[in-house]
Amino acid sequence: MTTAILGEDGLARCPWGLSAPDYVAYHDEEWGRPVRDDQGLYEKLCLEAFQSGLSWLTILRKREAFRAAFHGFDPEKVAAFGPGDVERLMADASIVRNRAKIEASIANARAALDLPGGLAATAWRYADPDAPAYADMSDMPASTDGSKALAKELKKHGFRFLGPTTVYALMQACGLVDDHLTGCYRRGAYT
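Predicted model, so just to flag it, every value in this text is computed and none were measured. (Residues numbered from 1 in each chain as written. Predicted model: local features only at pLDDT ≥ 70, side-chain atom pairs only at ≥ 80, totals over all residues. Heavy atoms only, no water.)

Some thoughts on the overall build of the protein
Piece 1. Each helix and strand counted, the protein has nine helices and two strands in total.
Piece 2. Starting at the N terminus and ending at the C terminus, the protein contains elements arranged as β-β-α-α-α-α-α-α-α-α-α.
Piece 3. For 191 residues, the compact-globule estimate of 2.2 N^0.38 gives 16 Å, and the protein sits close to it at 17 Å.
Piece 4. With the C-alpha coordinates aligned to their principal axes, the bounding extent of the protein is approximately 50 × 35 × 25 Å.
Piece 5. For the protein, the proportion of its 191 residues judged to be buried stands at 47%.
Piece 6. Counting contacts in the protein only where the partners sit at least 6 residues apart, residues at least 24 apart contribute 66% of the total. (Helix = DSSP H or I, 4+ residues; strand = E, 2+ residues; numbered from the N terminus. Rg over C-alpha atoms; globule rule 2.2 N^0.38 Å. Buried < 20%, exposed > 50% of the residue type's maximum accessible area, 1.4 Å probe, protein only. Contact = heavy atoms within 4.5 Å.)

A closer look at the packing of helix 2 (residues 38-51) against helix 6 (residues 99-114)
Geometry of a packed helix pair, given as the angle between the helix axes and the separation of the axes.
Piece 1. In contact at an axis separation of 10 Å, helix 2 and helix 6 are set at 160° when each is read in the N-to-C sense. Judged by the inter-axis angle, helix 2 sits roughly antiparallel to helix 6. Crossing geometry of helix 2 relative to helix 6 is assigned as right-handed. Contact residues: Y42, L45, C46, A49, F50 and Q51 in helix 2; K101, I102, S105, I106, N108 and A109 in helix 6.
Piece 2. When grouped by side-chain class, the residues that make up the contact of helix 2 with helix 6 number eight nonpolar, three polar and one charged. (Axes fitted to C-alpha atoms, helices over the stretch in contact; angles between N-to-C directions. Parallel < 35°, antiparallel > 145°, perpendicular 65-115°, else oblique. Left-handed = near helix turned anticlockwise from the far one by under 90°. Nonpolar A, V, L, I, M, F, W, Y, C, P; charged D, E, K, R; others polar.)

Focus: the environment of G163
Piece 1. Looking at the secondary structure, you find G163 in the loop between helix 8 (145-156) and helix 9 (164-173).
Piece 2. Of the residues examined, G163 reaches a relative accessible area of 15% and is grouped as buried.
Piece 3. Separated by 13 residues in the primary sequence, G163 and L150 place their C-alpha atoms 9.0 Å from one another.
Piece 4. With residues up to four places along the chain from it excluded, the contact list for G163 reads A151 and K155.

Here we look at the environment of A151
Piece 1. Considering the arrangement of structural elements, one finds A151 in helix 8.
Piece 2. The buried category is assigned to A151, whose relative accessible area is 3%.
Piece 3. Residues A151 and T166, 15 residues apart in the sequence, show an inter-C-alpha distance of 8.5 Å.
Piece 4. Look past the residues within four positions of A151 in its chain and what remains in contact with it is L162, G163, P164 and V167.

Focus on the packing of aromatic side chains
Piece 1. Evaluation of the coordinates by the stated rule reveals 10 aromatic pairs.
Piece 2. Summarising the aromatic geometry, the rings of W16 and Y23 are spaced 5.7 Å apart at their centres and angled 90° between planes, so their arrangement reads as edge-to-face.
Piece 3. Judged by centre distance (6.1 Å) and plane angle (65°), the rings of Y42 and F73 are edge-to-face. On the criterion of sequence distance, the pair formed by Y42 in helix 2 and F73 in the loop between helix 3 (56-69) and helix 4 (75-79) is long-range, its members being 31 residues apart. (Phe/Tyr/Trp six-rings, centres within 6.5 Å; stacked < 30°, edge-to-face > 60°.)

With respect to the UniProt feature "binding site: Zn(2+)" (unreviewed entry) in the protein
Piece 1. Mapped onto the present numbering, the UniProt feature "binding site: Zn(2+)" (unreviewed entry) falls at C14, H27, H180 and C184. These residues run over 171 residues, yet every pair of their C-alpha atoms falls within 10.3 Å of each other.
Piece 2. The residue C14 is located in the loop between strand 2 (12-13) and helix 1 (21-29) in this model.
Piece 3. A relative accessible area of 0% means that C14 is categorised as buried.
Piece 4. Its location among the elements puts H27 in helix 1.
Piece 5. A relative accessible area of 0% places H27 in the buried class. (UniProt positions renumbered as here; feature names shortened; annotations may be inferred.)

Comments concerning helix 6
Piece 1. For helix 6, with 16 residues, the first-to-last C-alpha span of 23 Å sits near the 22 Å given by 1.5 Å per residue.
Piece 2. The set of residues buried in helix 6 consists of K101, I102, A104, S105, I106, A107, N108, A109, A111 and A112.
Piece 3. Buried residues along helix 6 sit in contact with helix 2, helix 4 and helix 5 (83-90). (Expected span 1.5 Å × (residues − 1).)

In structure tokens form, the structure reads like this:
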């Protein structure tokens, strides 16, 4: 099923939001809710990059371990990480141990601190409150002109391990677009 589905509680949700209890909570309480602070956006950007090639459920279940390992995703603290921290993270079985993603997270913290106006202000310039509403998941794009432009701008400022698809997932997760399906009870909840 690729359209909104009625849950046991009588609420219609995006179909992915009913596939596991972790997803129900994430869908209902977090996905699509506007994130307007630099640290919150930096965390989501890191997690979206770590998710690349994996299930989002894997990342959700490891999120608290990621937060501990990356000092709450405080960009100033992560920007200060050195080679010893990379090795510490590579040895941490509670997170995804991928050197390229770890090093990108550190580089992205440094880039976020140097970004004129900050990460949140930059990202929100690409918000699209008038994005099309989709009734079916199969109609939803993997990227948009806005995600392509934001990815290009972030890369220009030194961000790594992101492209239009990862950036679009960030935009969806952080409420820069409302991609809850038209039949979903969360559609329009944050506008």
